[in-house]
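Tertiary structure, described
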Amino acid sequence: MKVRVGKYAYLWEGAEPLVPGDRVLLPENWLSRMIHGPGPFEDTVTAVGSDYDGPMSRVIAKIGRDPDWRPPEPDTLPAPRVPLVHEGRYQQALADYGRQVDEWHRRAGGTASDPVTVERARLVTCPKCGAPESSPCTDATKPRKANHQERLRRFREWMQETQPRYPRRETL
């Protein structure tokens, strides 16, 4: 049976099972030699069972029960629940969005479980501008690459106007 003593796992093969709070005698290791001195040392079982599967030392003996033992405090305390200022508004916005999606599906002739086909989706309006969904907004109608190339062209023109020492390599 695996037991945890502090943060380390040990094997116990005695007839009587160990429970948290039992005092046990443990074999010396390099760290205990520095802390407790040479030879076996006493410590208290903090938990029964461990998920560690590597090599483990064996508990030498059960000494008795520690009457003052208490379970160790967790390393990290749970974060306190802080109510968000706009939590109610967020929940309301989620509900409104759900209703809007249902309305879009209704207008398109589908349901949440029935996917909307392309033909029916053309009947659905864009939530931003009210245009048909096939062409919702002016920004969305331009391909992304065309927008990027246009911005690059404008940037190069601006650089040539403001920085006369910025000739393009093709002009040299």
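Note: the structure precedes this text.
Figured I'd write up the structure that's included with this text.

Criteria and cut-off values
Residues numbered from 1 in each chain as written. Predicted model: local features only at pLDDT ≥ 70, side-chain atom pairs only at ≥ 80, totals over all residues. Heavy atoms only, no water. Helix = DSSP H or I, 4+ residues; strand = E, 2+ residues; numbered from the N terminus. Buried < 20%, exposed > 50% of the residue type's maximum accessible area, 1.4 Å probe, protein only. Contact = heavy atoms within 4.5 Å. Polar contact = N/O pair within 3.5 Å; in protein donor to acceptor, adjacent residues only side chain to side chain. Core = buried A, V, L, I, M, F, W, Y, C linked by side-chain atoms within 4.5 Å. Pairing = 2+ DSSP bridges. Salt bridge = Lys/Arg side-chain N within 4 Å of Asp/Glu carboxyl O.

1. Re the overall build of the chain
Secondary structure summary: the chain contains five helices and six strands in total. In sequence order, the secondary structure elements of the chain are arranged as β-β-β-α-β-β-β-α-α-α-α. A total of 172 residues make up the chain; the buried ones form 16% of that total. Restricting the contact set of the chain to residue pairs at least 6 apart, pairs at least 24 apart contribute 49%.

2. Focus on the side chain of Thr-46
Relative to the helices and strands, Thr-46 is located in strand β4 (residues 41–48). A distance of 3.3 Å separates a polar side-chain atom of Thr-46 from the backbone oxygen of Gly-6. If we ignore the near neighbours within four places in the chain, the residues touching Thr-46 are Arg-4, Val-5, Gly-6, Pro-20, Trp-69 and Pro-72.

3. Considering the nonpolar core
When a protein is soluble and globular, its nonpolar side chains tend to lie buried together. The biggest cluster of nonpolar side chains holds ten residues, and these are Val-3, Val-5, Tyr-10, Trp-12, Leu-18, Val-24, Leu-26, Phe-41, Val-45 and Val-59. Setting aside residues up to four positions removed in sequence, Val-45 forms contacts with Val-3, Arg-4, Val-5, Leu-18, Val-19, Pro-20, Gly-21, Asp-22, Val-24 and Trp-69.

4. Considerations on the sheet that holds strand β6 (residues 61–65)
Taken together, the six strands give an open sheet; going across it, the order is β5-β2-β1-β4-β3-β6, and neighbouring strands pair in mixed fashion. Two strands bound the open sheet, and with one partner strand each, they are β5 (57–58) and β6. Direction of pairing for strand β1 (residues 2–5) relative to strand β2 (residues 8–11): antiparallel, over a ladder of four bridges. Note that in β2 the partner of Arg-4 across the bridge is Ala-9.

5. Side note on the pattern of salt bridges
Overall, the coordinates contain eight salt bridges when judged by the stated rule. For Glu-16, the salt bridge is made with Lys-62, and the minimal N-O distance between the two is 2.7 Å. Placement of Glu-16 in the loop between β2 and β3 (22–26) and of Lys-62 in strand β6 is noted, with a sequence separation of 46 residues between them. Given a relative accessible area of 28%, Lys-62 falls into the partly exposed group. The partner of Asp-22 in a salt bridge is Lys-62, with the nearest N and O atoms 3.6 Å apart. Remark: Lys-62 occurs in strand β6 and Asp-22 occurs in strand β3; sequence separation between them is 40 residues.

6. Considerations on the pairing of β1
Across the two faces of β1 the burial differs, with Val-3 and Val-5 buried and Lys-2 and Arg-4 not buried at all. A loop of two residues connects β1 with β2, the two strands running antiparallel in sequence, and Gly-6 in this loop sits at a positive phi of about 70 degrees. Note that β1 and β4 share three bridges and pair antiparallel. Bridge pairing links Val-3 to Val-48 in β4.

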